[in-house]
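Now for the letters of each chain:
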Amino acid sequence: MFNHYLAFIFFFSFLTETIPTLTAPAHFLKPLKSRTSQAQEYLELSNPLPSDHLTPSCSLTIIHHSFANTINSSPFSTSYSPSSDCPPPWQRIVLEFHVDSSGDQYDRIAGIWLDGAEIFRTSTAEPTESGIFWRVRKDITRYSSLLCKPQVNVTMVLENIVNDIYTGVYHVHASFLFYKENITPDDVRFPSIIFPIKGDYNLSTADLGLFQTPSDLIIPICSDGRRGYWFQVESESDFHFKRVRFPKNTLQVVLELYVSFHGKDEFWYSNPPNSYIQMNNLTTERGNGAYREVFVTIDGKFVGSEVVFPVVFTGGLNPLFWEPIVAIGDFNLPSYDLDLTPFLGWLLDGKFHEIRIGVDDAISYWLVNANLHIWVDHGSSKVEAKSVVYDSPALTIQRQEAFRLLDGSFRIKAKRKSEFAGWVKSKAGNFTTIVSQEFRLTNLIRFYFNGTYKVVQQRVKARRDSRIRADSGNLVGRALTRRRYPLTVITSTVPLPQKSKKEDMYILLTNVSHALNERRVNGDYSSLLYNRQDSEGWMKVRDHSVLAGETSTWQRYRYRDMFSCYSRTVLANEGKLIVDNTTFSCASST
């Protein structure tokens, strides 16, 4: 069906006036009328949590709130204290997040903070007339040091607009689930922790403070909280910072980054250079090329960066793709960890140090903030530390462009490789942390047929490796993460006969393929993730509103670790889930 329609559209396009794909909106509002008569559950594929088969020892509702016309309003805030009926310590803590909505509404970004530290970033699906709902479960055990504190603020931001046109209200219910029962097998999926390698060093976890989990202290790197604790980055020269004084007995420190992109930069990976926009007198502001890198400096020195996963929100590209299966990362956006332990040699001087976050080549706007996870030596008020390697060559980037009028191609190749090392000496011994990080990005954008046919191809490969060695040279701990983000977006815009000059109707055909492939090694623990989506379809559009369309989305999710395997394959057609196969067999997950 889709291929026949595609052939017709290409034929029809030669008989009509063209609309450059770049000038068409990239964010849309799907039809209010539901494809189903009842409220429909939406989902983002993920592997079950190790705690899912257990009954919580206790639970605590933290948010029960309806987000209606909240734009420019103060965030929702409430006080949290651990329950006296279920005091710490806990083996696991899970955030359970439930949303339902009905009406006409755009997708919205949202975040939850605990004492100013972000613990969850999410986005909403676009609702329908008969209603939608979804649930997310996230393991938040790594924030235990905050969850043990009494009388701290829980803050949530979900800026929404409700009026005669946009009627969708998002009703949110969120709870903390506490588990005192030990989880078997012992799950160690803490991205910020380096776990010991068995047999390589004769120290227990308790003796070797570096391997404690979770961290002893969390310091948020954030704004004042008046509109949420995230910083809003408006341009490549818009930096945000916070001054921090590190405890003198710090053994290990990891910076956890939360990032999302919006407005003119929501589809940064498809933005052409400004020269193309200016030479063709286009009115779009989605430019500045297709390279973005979130970076962190301390006292002006580069300490790490990330080319983030290109999350597609549910109003993006074609909103009919994302019902009821949303795009990868929509309901639980990833965070990114930077091991800063090698820099403790110049951070433990008792002075304040400026931690700054920025986004290379950014345009309006990005939402960024971070959490400092700090582990300390409980047996001493002070440790010795020294930074011994700082190897951070400048970013290597090549840009090529070749275009004539609205047709042409734009290519970017970028790479960065760095290595840092430093030692920390405490009563447990002298341990050196070596952190190496590397990424490579290629991005190719091509325009054909007078700019009406656009192809975006991006490939990102990233590697981050933290190793801890004892004085003897033995490797006693390691955390390795390898990621690949392949992305292909093909769009074709075809105008339709207009009844009046005020109308701007056209057909938009879109094909999207993207994936998140990840390998983790943490001590003796390892895991593999393969998560890919392929979507295709067309929609009839007036301005930002979708009038009609036909779409399908296929997704394969496979996860494997040392203890278990999980695989789920789904196919959605015309907004309905028509294939849903799940297995826990490792034979089918390879």
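Here the structure is a predicted model, which is why all the values come from computation and not from measurement.

### Re the confidence of the model for the chain
Taken residue by residue, the chain gives an average pLDDT of 90. The fraction at 70 or more is 89%. In the predicted structure, residues 4–16 sits below a pLDDT of 50 and forms 16 contacts with residues beyond four places in sequence or in another chain. In this model, residues 200–210 is a region of pLDDT below 50 whose contacts with residues beyond four sequence positions or in other chains number 21 contacts.

### A closer look at the pattern of salt bridges
Following the criterion strictly, the structure yields 27 salt bridges and no others. Notably, a salt bridge pairs R416 with E293, separated by 2.8 Å at the nearest N-O pair. Of this pair, R416 sits in strand β21 (residues 407–426) while E293 sits in strand β14 (residues 293–298); the two residues are 123 residues apart in sequence, bridging distant segments of the chain. Neither R416 nor E293 differs from the other in exposure class; each is buried. Here R520 makes a salt bridge to E518, at a shortest N to O gap of 3.1 Å.

### Considerations on the side chain of S513
Looking at the element boundaries, S513 is found in strand β25 (residues 505–522). On the basis of relative accessibility, which here comes to 15%, the residue S513 falls in the buried class.

### Overview of the sheet that holds strand β9 (residues 170–179)
Strand order in the open sheet formed by five strands is β1-β7-β4-β9-β2, with mixed pairing between adjacent strands. Looking at which strands have only one partner, the edges of the open sheet turn out to be β1 (40–41) and β2 (58–67). Sheet topology note: the β1/strand β7 (residues 132–139) ladder contains two bridges and is parallel. Bridge pairing links Q40 to I132 in β7.

### Notes on the sheet that holds strand β15 (residues 301–306)
A sheet is described by the order of its strands in space; here four strands give the open sequence β12-β17-β14-β15, paired in antiparallel fashion. Lying at the two open borders of the sheet, with one neighbouring strand each, are β12 (240–244) and β15. Neighbour to neighbour, the strand axes of the sheet diverge by 20° on average, direction disregarded. Both β14 and strand β17 (residues 353–360) contribute to a ladder of six bridges, which runs antiparallel. Note that in β17 the partner of T297 across the bridge is R356.

### Structural notes on unusual backbone geometry
Look at the link from P88 to P89: it is a cis peptide, with omega at 10°. Structurally, P89 is set in the loop between β3 (76–80) and β4 (92–101). At the junction of E323 and P324, the peptide bond is cis and its omega measures out at -5° in the coordinates. Position of P324 relative to the elements: it lies in the loop between β15 and β16 (335–339). Unlike most non-glycine residues, N450 shows phi in positive territory, near 60°. Along the chain, N450 falls in the loop between β22 (429–448) and β23 (453–470). Its identity as a non-glycine residue notwithstanding, E574 has a phi of 55°, on the positive side.

Cut-off values and rules
Residues numbered from 1 in each chain as written. Predicted model: local features only at pLDDT ≥ 70, side-chain atom pairs only at ≥ 80, totals over all residues. Heavy atoms only, no water. pLDDT = per-residue confidence, 0-100. Contact = heavy atoms within 4.5 Å. Salt bridge = Lys/Arg side-chain N within 4 Å of Asp/Glu carboxyl O. Helix = DSSP H or I, 4+ residues; strand = E, 2+ residues; numbered from the N terminus. Buried < 20%, exposed > 50% of the residue type's maximum accessible area, 1.4 Å probe, protein only. Pairing = 2+ DSSP bridges. Axes fitted to C-alpha atoms, helices over the stretch in contact; angles between N-to-C directions.

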